[in-house]
Amino acid sequence: MSVRTRVAPSPTGDPHVGTAYMALFNLVLARSQGGRFVLRIEDTDQERSSPAFETGIMDALRWAGLDWDEGPDVGGEFGPYRQSERLAIYRQHAEELVASGGAFRCFCTKERLDALRRSQQANRETPRYDGLCRGLEPTQSRDRAANGEAYVVRLDVPESGTCRFADGIRGDIEIPWRQVDMQVLVKSDGFPTYHLAAVVDDHLMGITHILRGEEWLNSMPKHQLIYDRLGWSPPAHYHLPLLRNPDGSKVSKRRNPTGLDYYRRSGYLPEALCNYLALMGWSMPDEGEIFSVEEMTAAFDLDRLSTGGPVFDLTKLAWMNGQYIRAMDPGQFMDRVADWAVNRENLTPLVPLVQERTQRLADLLPQVDYLLGDRTAVDESDFVHKRLDRDDCKRVVDHAKRRLDGLTEWDRDSLRDALVALADAMGIKVRDFLAPLFVAVAGRTVALPLFDSMAYLGRDVVRSRLMDALAVLGGTGKKQAKRLERDYANLTDPGT
Ligand code: GLU
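Parameters at a glance
- Residues numbered from 1 in each chain as written.
- Predicted model: local features only at pLDDT ≥ 70, side-chain atom pairs only at ≥ 80, totals over all residues.
- Heavy atoms only, no water.
- 1 Å grid on protein atoms, 1.4 Å probe; cavity = no way out; pocket = protein on both sides within 12 Å on 5 of 7 lines; lining within 4 Å.
- Points joined across faces, edges and corners; volume = space filled by probe spheres on them.
- Helix = DSSP H or I, 4+ residues; strand = E, 2+ residues; numbered from the N terminus.
- Nonpolar A, V, L, I, M, F, W, Y, C, P; charged D, E, K, R; others polar.
- Salt bridge = Lys/Arg side-chain N within 4 Å of Asp/Glu carboxyl O.
- Buried < 20%, exposed > 50% of the residue type's maximum accessible area, 1.4 Å probe, protein only.
- Phe/Tyr/Trp six-rings, centres within 6.5 Å; stacked < 30°, edge-to-face > 60°.
- Lys NZ or Arg CZ within 6 Å of the ring centre and 35° of its normal.
- Axes fitted to C-alpha atoms, helices over the stretch in contact; angles between N-to-C directions.
- Parallel < 35°, antiparallel > 145°, perpendicular 65-115°, else oblique.
- Contact = heavy atoms within 4.5 Å.

1. Observations concerning the layout of surface pockets
Estimated volume of the second largest pocket: approximately 1,200 Å³. Along its surface, the second largest pocket is lined by 39 residues, and D59, D261, R264, R265 and N346 are the ones closest to its centre. Looking at the lining of the second largest pocket, the elements that each hand over two or more residues are α2 (51-63), α8 (260-265), α12 (330-340), α13 (344-347), α15 (364-372), α19 (450-457) and α20 (459-472). Per-element tally for the lining of the second largest pocket: the top contributor is α2, with 6 residues. Among the residues forming the lining of the second largest pocket, the class breakdown is 20 nonpolar, 8 polar and 11 charged.

As structure tokens, this is what we get:
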């Protein structure tokens, strides 16, 4: 049987470094066995998914060199590869599960479930569905559904005993069934949840090996039940350790840049990033640190996957990037600089901003330095302002960051509308409000228009500059962070 692997991102946010990490390992495994690597878009969360995020993820994976053999854009014989186009398939399997008693319709109202959760929490029990609707007679359940009563489909989970399954990295694992919730498989809007859709697709798409983040390990009992009840044998599973910050916490955009676009914009080379990500879960037989995806593929062996909590350390990544840069000959180096930013495509959006402000061509570079490269380092004195003290500046930067995190569209007008509304809600004149943001984003108070600059830089770079500005302004301890969160939530128009 030929090896088939997949990466299955949900298009609910900007492309994440964790997606590239998983894509890399799945791609390398498939290629090392002459198999195929699939991209599947898991867009069953209708509210949070967007085509713009999907395109962003695909562009970023391609930039990283992690190309797929089958996927929504390139097709393949197991398509469609976008879950929102496979709803009839999930419906059919959900019906099969209900008919065989492997799952049941649940008519419980939100009020009942909330009350149940509250009482379980009060008794210090793990919140879990109590199985009320499991007892419904099949005819009763069918009739209520036929009468138009809203329901979800839940997985029927054994009351007692233990689920045993094998993980390729961690060996045999046991989880008592009583810790496993009767997972919703189909929501009341008829959309499947991740658990049903992923299992059905992995089976129907012929996936033989699943390498994914360890956060899914606890879902294995549910997935195993679904495989069993549909009469399928599961693919081999390998749960890779999650990327961690040097302090051991999980990488998250609240702490460090996690967006692939940040790395792309900041001039990291995709081959250096892939090399670094490879080291997070794998080591070469000779323990060498610098290697290409092709070299990794040639040497790949599932037994060398590591279990340790890999530390995603920006300093080490920057060092590695430097190794790659210095290994280039001058011609390659020039080509890479041009590919990165100094090219027509990248400069085109800047022309309307700079041309009218330029007398001599030499005026150009000082205007766009913070757009093409890093902005200059700032310190607290850069934020000094007639009408805003340090805490005001901090509040502005913090609230802007929160507001922008909640913004789905990232273009000049959306940025302007959101930030002007925020300034109003905070009772600060727009002009004053923008001053600390100019410093945070551009490194100075006089620069090209702020909203255009932010739109150009992209969400990840802007977020990391705002975070840096907060740190420069003295950072936010736990207490202050709580207060800022409360302040923000109390604004009349936080816009979220
Ligand atoms: N859509 C899931 C995610 O975003 C995929 C998890 C899996 O690989 O099964 O992480």
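There's more to say after this.
2. A short note on the pattern of salt bridges
With the rule as written, the count across this model stands at 42 salt bridges. The closest approach of N and O atoms between E42 and R40, which form a salt bridge, is 2.8 Å. By relative accessible area, E42 is classed as buried at 6%. Among the ionic pairs, R117 bridges to D114, the shortest N-O distance being 3.3 Å. In this pair, R117 and D114 both sit in helix α4 (residues 110-122), 3 residues apart, roughly one turn of the helix. In this structure R117 comes out as partly exposed when scored by relative accessible area, which is 38%. In this structure, a network of salt bridges that share partners links the residues R6, R40, E42, R86, D201 and D202.

3. A closer look at the packing of aromatic side chains
The description of an aromatic ring pair uses the distance of the two centres, along with the angle that the planes make with each other. Tallied over the full model, the rule gives 10 aromatic pairs. When the ring centre of F107 is taken as origin, the NZ or CZ atom of R144, which lies over that ring, is 4.4 Å away. Taking the ring centre of W282 as reference, the NZ or CZ of R304 above it sits at 5.9 Å.

4. A short note on the packing of helix α3 (residues 87-100) against helix α6 (residues 194-204)
Packing of α3 against α6 leaves a shortest axis separation of 10 Å and a crossing angle of 105°. With respect to their mutual orientation, α3 and α6 come out roughly perpendicular. Residues I89, Y90, H93, A94 and L97 of α3 pack against L196, A197, V200, D201 and L204 of α6. Grouping the amino acids of the contact of α3 with α6 by side-chain chemistry returns 8 nonpolar, 1 polar and 1 charged.

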